[in-house]
Amino acid sequence: MTGQASTQSARRTIRRRQSWQVAETLSKSFTYAGSGILYATATQRNFRIHLIVGTMAFVLGACLRITLLEMAVIGLTVAFVLALELINTAVEATVDLIVGDQYHRLAGIAKDCAAGAVLIGSSAALVVAACILLPPLWRALF
Ligand SMILES: Nc1ncnc2c1ncn2[C@@H]1O[C@H](COP(=O)(O)OP(=O)(O)OP(=O)(O)O)[C@@H](O)[C@H]1O
């Protein structure tokens, strides 16, 4: 190991030790990630709405027999929005951990920007879903 690599490794070890608990195994990492998703589902109304709308888009796509590629695009789009919601939740929790119920302009900016990212992502998802689902839906109805 070169000197630079061992310094980087030592720094990483020091950073990890500052964590209350470290996931030692891959299965534990998955368990913690699952806990985050469950927490967001239980506590975040917007996350639940995106989950329901995403599932509806899948079901509608299957009923309209869209192509596998179109299904993959919808899947990626839904995953993108849900991931943004999780990051938004993480930002909110981190900000609240740092400032609690104190007002701070930067705390507001952090939360507003995270919420803005979700808004941009979900608006784009709506456009993507409309482009893929509306034409076959129109043909099926009229
Ligand atoms: N500590 C704070 N200091 C300054 N402004 C804050 C603070 N906490 C919240 N705010 C402002 O209030 C808004 C709403 O805060 P909240 O914590 O409910 O986030 P949210 O994005 O509305 O939550 P959710 O995504 O769950 O709907 C934030 O976007 C921010 O503008």
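Within each chain, residues carry numbers counting from 1 in the order of the written sequence. In keeping with the model being predicted, local features are shown solely for residues with a pLDDT of at least 70 and side-chain atom pairs are shown and tallied solely at 80 or more, while totals for entire chains, interfaces and linings include all residues.

Trainee: Break down unusual backbone geometry for me, with residues and values.
Mentor: Residue arginine 65 is not a glycine yet carries a positive backbone phi of 55 degrees. Strands are runs of DSSP state E lasting at least 2 residues, helices are runs of H or I lasting at least 4, and numbering of each runs from the N terminus. Note that arginine 65 resides in the loop between helix H3 (45-63) and helix H4 (68-99). Neighbour counting defines burial: a residue surrounded by 20 or more other C-beta atoms within 10 Å of its own C-beta is buried, one with 12 or fewer is exposed, and intermediate counts give partly exposed, using backbone-placed C-beta atoms. Residue arginine 65 is classed as exposed on the basis of its 10 C-beta neighbours within 10 Å.

Trainee: Please set out the UniProt feature "transmembrane region" (unreviewed entry) in the protein residue by residue, giving values where relevant.
Mentor: The feature "transmembrane region" (unreviewed entry), as given by UniProt, occupies residues 49-68, 74-95 and 116-138 in the numbering adopted here. Within the segment residues 49-68, helix and strand shares are 80% and 0% respectively, and the terminal C-alpha atoms sit 25 Å apart. Each end of residues 116-138 is marked by a C-alpha atom, and these two atoms are 32 Å apart; helix forms 100% of the span and strand 0%. UniProt positions are given in the numbering used here, feature names are shortened, and annotations may be inferred rather than shown by experiment.

Trainee: Give a description of the site of the ligand that names residues and reports values.
Mentor: The immediate surroundings of the ligand are formed by Gln44, Asn46, Asn88, Glu92, Val99, Tyr103, His104, Ala107, Gly108, Lys111, Asp112 and Ala115. Of all the secondary-structure elements, those providing two or more residues to the shell around the ligand are H4 and helix H5 (105-141). For the shell around the ligand, the element with the most residues is H5, which contributes 5 residues. Each residue belonging to the shell around the ligand can be placed in one class, and the counts come to 4 nonpolar, 5 polar and 3 charged. Any residue whose backbone-placed C-beta atom lies within 6 Å of a molecule or strand is treated as near that molecule or strand. Basically, the charged four are Asp, Glu, Lys and Arg, the nonpolar ten are Ala, Val, Leu, Ile, Met, Phe, Trp, Tyr, Cys and Pro, and anything else, Gly included, counts as polar.

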